Amino acid sequence: MKSVFDQKTVAATLDTIKHRVPAYAELADKFRPLFVEQARLRGEFVAEEGALPPIDTARTNQGVPVLVDVDLSPWAGNMKRSAACLLPQLFDVLKPDEEAWRKLEAFLDDTDNIVGLAQARIEGNWKHFEDTSVQLGITPYTTLLYVAETVLSPVLRALVEGLGEPLSKLGWDEGYCPVCGATPSIAQLSPKEITELDQLVGGGGKKFLHCSLCGHDWRYKRNACPACGNDDNDSREVFYIDDVKFERIEACHKCGKYCLSIDMRECDPLPDLDAVQIGLIHLDIFAREHDLIPISPTIWNNLD
Ligand SMILES: [Zn+2]
Ligand SMILES: [Zn+2]
């Protein structure tokens with residue numbers, strides 16, 4: 001299933017958030033240039049139709065994501081371009097130490113360095129991020145991780161787009177992404193399906209997880225925790241706030257994690273699934289107050 005992801009959708013999603021919850025206006029405006037530039041870059045990379053990684057179903061059938069152990073150097077050029085375009089926006093969002101930032105810019109302009117970070121992200125090698133963040137003076141290391149994910153994301157999204165249909169045919173039951181191995185940032189119940197004649201053919205409502213890194217959406221069991229696979233109804237709980245039932249927290253008391261979820265059947269127009277999360281921070285706060293941990297910590301739900 002393809003994600004709706006372009007500059008117009010991002011902008012419209014942020015406008016809707018501002019309109020619905022004026023308290024989020026400042027945050028939506030802060031992240032807007034970054035999100036819009038990411039969408040623009042992804043479109044550019046898709047249009048260029050570069051190299052694609054092979055899909056090895058013998059491996060994916062064993063639960064090994066497509067990009068694990070793949071040499072990422074064919075995409076180093078795009079990663080460096082992405083860094084050059086996104087670092088100014090990231091600087092405005094993060095307000096980091098300027099000297100450290102100059103070092104980071106030079107670091108990311110080097111093929112080996114940027115491929116090394118990409119490889120480390122896909123392998124979940126956090127030690128590499130800790131060491132590099134000390135070396136560059138960008139602390140905590142989660143800031144460097146956020147920078148790397150933001151820069152990598154448009155490159156990987158273009159790969160997902162290029163791989164296309166075959167991805168949706170993979171037999172994949174895992175709670176992590178079949179392409180890059182990252183955890184989901186949000187779940188969705190799929191929108192109503194429309195035919196070319198504008199007639200409804202299906203009610204939608206299938207559960208998909210949305211990858212926090214490459215944006216791929218993959219089908220997942222509706223009644224299971226993506227973090228630990230727990231499908232026992234007694235230890236899983238759904239929360240929503242103020243009767244807004246189409247945006248909710250799916251919590252698992254077995255592993256203590258939660259994933260936000262949005263019912264796309266109730267959304268018209270369909271939001272961008274990344275930008276929409278800016279307008280759901282009250283759910284993250286509620287979850288934290290109930291001692292739950294986000295399945296994919298990011299800059300706005302990591303409230304410690
Ligand atoms: Zn992914
Ligand atoms: Zn769980």
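Residues numbered from 1 in each chain as written. Chains lettered and ligands numbered in written order. Predicted model: local features only at pLDDT ≥ 70, side-chain atom pairs only at ≥ 80, totals over all residues. Heavy atoms only, no water.

> Where do I start with the overall build of the chain in this structure?
Of regular secondary structure, the chain possesses ten helices and nine strands. The C-alpha atoms of the chain give a radius of gyration of 19 Å, which matches the 19 Å a tight globule of 304 residues would have. Oriented by its inertia axes, the alpha-carbon framework of the chain measures out at about 50 × 45 × 40 Å. In the chain, buried positions account for 49% of the 304 residues. Intrachain contacts of the chain at a sequence separation of at least 6 include 65% that bridge at least 24 residues. (Helix = DSSP H or I, 4+ residues; strand = E, 2+ residues; numbered from the N terminus. Rg over C-alpha atoms; globule rule 2.2 N^0.38 Å. Buried < 20%, exposed > 50% of the residue type's maximum accessible area, 1.4 Å probe, protein only. Contact = heavy atoms within 4.5 Å.)

> Can you help me understand the coordination of the zinc ion (ligand 1) in this one?
Ideal coordination angles are 109.5 degrees for a metal with four donors arranged tetrahedrally and 90 or 180 degrees for a metal with six donors arranged octahedrally. Binding of the zinc ion (ligand 1) to the protein goes through Cys177 (SG), Cys180 (SG), Cys211 (SG) and Cys214 (SG), at separations of 2.3 Å. For the zinc ion (ligand 1), the four donor atoms in the first shell make angles of 96 to 120° at the metal, a pattern classed as tetrahedral. (Donors = N, O, S within 2.8 Å, 3.2 Å for Na, K, Ca; no water. Tetrahedral: all angles 85-135°; square planar, octahedral: opposite > 155°, others 65-115°.)

> Just checking my understanding: could you explain the domain arrangement of the chain for this structure?
Frequently, the measure chosen for interface size is the accessible area removed from exposure when the parts meet. Along its sequence, the chain is organised into domain 1 (7-165) and domain 2 (172-294). Using only C-alpha atoms to locate each centre, domain 1 and domain 2 end up separated by 22 Å. With 25 residues of domain 1 in contact, the opposing surface of domain 2 contributes 28 residues. Taken together, the two surfaces of domain 1 and domain 2 that pack against each other cover about 2100 Å², and 67% of this comes from carbon and sulfur. Asp274 serves as the salt-bridge partner of Arg157, at 3.0 Å between the closest nitrogen and oxygen. The interface formed by domain 1 and domain 2 contains ten residue pairs in polar contact (both at pLDDT 80 or more). (Domains from an automatic or database assignment. Buried area = accessible area lost by both parts, 1.4 Å probe. Salt bridge = Lys/Arg side-chain N within 4 Å of Asp/Glu carboxyl O. Polar contact = N/O pair within 3.5 Å; in protein donor to acceptor, adjacent residues only side chain to side chain.)

> For this particular structure, what's the right way to read the pairing of strand 7 (residues 247-252)?
Across a regular strand the side chains alternate sides, sitting on one face of the sheet and then on the other. The element strand 7 is extensively covered by neighbouring structure, given that five of its six residues are classed as buried. Relative to strand 7, strand 6 (residues 236-239) is paired through four bridges, and the arrangement is antiparallel. What sits directly across from Glu237, in strand 7, is Ala251. In this structure, strand 7 lies alongside strand 8 (residues 257-263), joined through five bridges in antiparallel fashion. (Pairing = 2+ DSSP bridges.)

> Teacher, can you tell me more about the layout of surface pockets here?
In this approach, a probe sized like a water molecule rolls over the atoms, and the result shows the empty space that is left. Reported here for the largest pocket is a volume of approximately 800 Å³. Of all the elements in the fold, those that place two or more residues in the lining of the largest pocket are helix 2 (25-48), helix 6 (111-123) and helix 8 (141-163). The element best represented in the lining of the largest pocket is helix 8, accounting for nine residues. Per-class residue counts for the lining of the largest pocket are 17 nonpolar, 14 polar and five charged. Each of domain 1 (7-165) and domain 2 (172-294) contributes no fewer than three residues to the lining of the largest pocket. (1 Å grid on protein atoms, 1.4 Å probe; cavity = no way out; pocket = protein on both sides within 12 Å on 5 of 7 lines; lining within 4 Å. Points joined across faces, edges and corners; volume = space filled by probe spheres on them. Nonpolar A, V, L, I, M, F, W, Y, C, P; charged D, E, K, R; others polar.)

> For this particular structure, what's the right way to read the coordination of the zinc ion (ligand 2)?
With distances of 2.3 to 2.4 Å, the protein atoms coordinating the zinc ion (ligand 2) are Cys225 (SG), Cys228 (SG), Cys252 (SG) and Cys255 (SG). Its four donor atoms give the zinc ion (ligand 2) angles of 105 to 115° at the centre, a pattern that matches the tetrahedral case. Sequence positions of the residues that donate to the zinc ion (ligand 2) give the spacing C-x2-C-x23-C-x2-C.

> Hey, could you run me through the packing of aromatic side chains in this one?
Two aromatic rings, taken as a pair, are described by how far apart their centres are and by the angle between their planes. Scanning the entire structure with this criterion turns up five aromatic pairs. Look at Phe91 and Trp101: their rings are 5.8 Å apart centre to centre, the planes differ by 65°, and that puts the pair in the edge-to-face class. Taken together, the residues Phe91 in helix 4 (residues 76-94) and Trp101 in helix 5 (residues 98-108) connect sequence positions ten residues apart. With relative accessibility at 0%, the residue Trp101 sits in the buried group. On the basis of an interplanar angle of 90° and a centroid distance of 5.5 Å, the ring pair of Trp172 and Tyr176 is categorised as edge-to-face. Judged by its relative accessible area of 8%, Trp172 falls in the buried class. Classification of Tyr176 by relative accessible area gives partly exposed; the value is 27%. (Phe/Tyr/Trp six-rings, centres within 6.5 Å; stacked < 30°, edge-to-face > 60°.)

> Help me understand the packing of helix 1 (residues 7-20) against helix 2, please; the structure alone is not making it clear to me.
Working note: a packed helix pair is described by the angle between its axes plus the distance between those axes. Put simply, helix 1 and helix 2 touch, their axes get as near as 9 Å, and they point 170° apart. By the angle between their axes, helix 1 is roughly antiparallel relative to helix 2. Taken together, the residues of helix 2 that come into contact with helix 1 (itself represented by Gln7, Val10, Ala11, Leu14, Asp15 and Lys18) are Ala25, Ala28, Asp29, Arg32, Phe35, Val36, Ala39 and Arg40. In the contact of helix 1 with helix 2, the residues fall into eight nonpolar, one polar and five charged. (Axes fitted to C-alpha atoms, helices over the stretch in contact; angles between N-to-C directions. Parallel < 35°, antiparallel > 145°, perpendicular 65-115°, else oblique.)

> Whenever I open this one, the pattern of salt bridges confuses me. Can you help?
For side chains of opposite charge, pairing can occur when their charged atoms come near one another. Across all of its chains, the model carries 17 salt bridges by this definition. Residue Asp29 pairs with Arg32 through a salt bridge whose shortest N-O separation is 3.9 Å. Of this pair, Asp29 and Arg32 both sit in helix 2, three residues apart, which is roughly one turn of the helix. Judged by its relative accessible area of 37%, Asp29 is partly exposed. The partner of Glu44 in a salt bridge is Arg81, and the shortest N-O contact between them spans 2.7 Å. Remark: Arg81 occurs in helix 4 and Glu44 occurs in helix 2; sequence separation between them is 37 residues. Salt bridges sharing common partners tie together Glu37, Arg40, Glu44, Glu48 and Arg81.

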